[in-house]
Amino acid sequence: MRRILHVLLVFSALPAAAGAQTLPQRIAALGSGTVHLTFAARPGVCGDGLHSIRVVEGNEEWQEDCEPQQVRVALQVHDRRVTEVRSYVGGRWRPGVSATDLGTVRPQDAAAYFISLAERGRDISGDPLLPATLADSSTIWPALLRIVRPPAVPLETRRTAIFWLGQAAGAAAARSLDSIAGDSAGDREVRKQAVFALSQRSGNEGVPALLRVARSNPDPELRKTALFWLGQSEDPRALALFEEILR
């Protein structure tokens, strides 16, 4: 019995195996070079393996061919820091390319990792938020809101987060975008991006919020932006507002 116990104690004292490392640890351990990783895409995500990535919505009478595909991401790492993100959907890694392939990872882990890259606010070539939005079984819009709020995050990163926020979370996203647009203490460019993102939502989600901005936002630049996007909507509620203003 003592012998068995001694063996168990020895095993418990050993360092964690490489397979137990987190995704950030596995990537940082490379030091410098190219890292490949693969994970499942959410339903409706299609691509040609190179430049085309699209999300298929479909309709009641016609459906585009879109088989379940994988997201493939190449990371350029220098001195344990990611400097470039390249994302693909479909296709396969070209044989013989010099890279460390981490294989298939959990999409939730991948989404969390790419969100963390964006949150750091460092200069990274490519869009680290794109692969996060494509990951299967991942709810990322609360994290996107975290990125949007802090002024320390670069403006371009916050704009990108708002764009993806507008695509990601339906009615909940519309409410969040509404609050960003109405935040008088927020950066004007970020708020204008939120107005644009609202214009990309469906009429029942985006138009009421745009109407509120156009009617009551204290910033004339934001009211003008909201009116522009309402004009693109051709929604009867927008036409009623225009008539009211012109009278």
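About the thresholds
Residues numbered from 1 in each chain as written. Predicted model: local features only at pLDDT ≥ 70, side-chain atom pairs only at ≥ 80, totals over all residues. Heavy atoms only, no water. Pairing = 2+ DSSP bridges. Helix = DSSP H or I, 4+ residues; strand = E, 2+ residues; numbered from the N terminus. Axes fitted to C-alpha atoms, helices over the stretch in contact; angles between N-to-C directions. Phe/Tyr/Trp six-rings, centres within 6.5 Å; stacked < 30°, edge-to-face > 60°. Buried < 20%, exposed > 50% of the residue type's maximum accessible area, 1.4 Å probe, protein only. pLDDT = per-residue confidence, 0-100. Parallel < 35°, antiparallel > 145°, perpendicular 65-115°, else oblique. Contact = heavy atoms within 4.5 Å. Nonpolar A, V, L, I, M, F, W, Y, C, P; charged D, E, K, R; others polar.

### Some remarks on the sheet that holds strand 6 (residues 100-104)
- Strand order across the open sheet formed by four strands is 5-4-1-6, with mixed pairing between neighbours. Among the strands making up the open sheet, the edge pair consists of strand 5 (81-89) and strand 6. Going from strand to strand, the sheet's axes swing by 15 degrees on average, the running direction of each strand aside.
- Of the strand pairs in this sheet, strand 1 (residues 33-40) and strand 6 are connected by three bridges, and their pairing is parallel.

### Quick word on the packing of aromatic side chains
- Enumeration according to the criterion identifies five aromatic pairs in this entry.
- Taken together, a centroid distance of 5.4 Å and an interplanar angle of 65 degrees make the contact between Tyr113 and Phe114 edge-to-face. The exposure classification of Tyr113 matches that of Phe114, with both residues buried.
- A centroid spacing of 4.8 Å and a plane angle of 80 degrees characterise the contact between Phe228 and Trp229, whose relative ring orientation is edge-to-face.
- Members of the aromatic cluster, joined through ring pairs, are Phe39, Tyr113 and Phe114.

### Overview of the confidence of the model for the protein chain
- With 84% of its residues at a pLDDT of 70 or more, the protein chain shows a mean pLDDT of 81.
- Mean pLDDT values over the elements of the protein chain span from 38, in helix 1 (residues 2-13), up to 97, in strand 1.

### Regarding the packing of helix 10 (residues 220-233) against helix 11 (residues 236-246)
- Following both chains from N to C, one finds helix 10 and helix 11 inclined at 130 degrees, their axes separated by 9 Å at the closest point. Judged by the inter-axis angle, helix 10 sits oblique to helix 11. Across from Leu227, Leu230, Gly231 and Ser233 in helix 10, the residues of helix 11 making contact are Ala238, Leu241, Phe242 and Ile245.
- Its residues assigned to classes, the contact of helix 10 with helix 11 shows six nonpolar, two polar and no charged.

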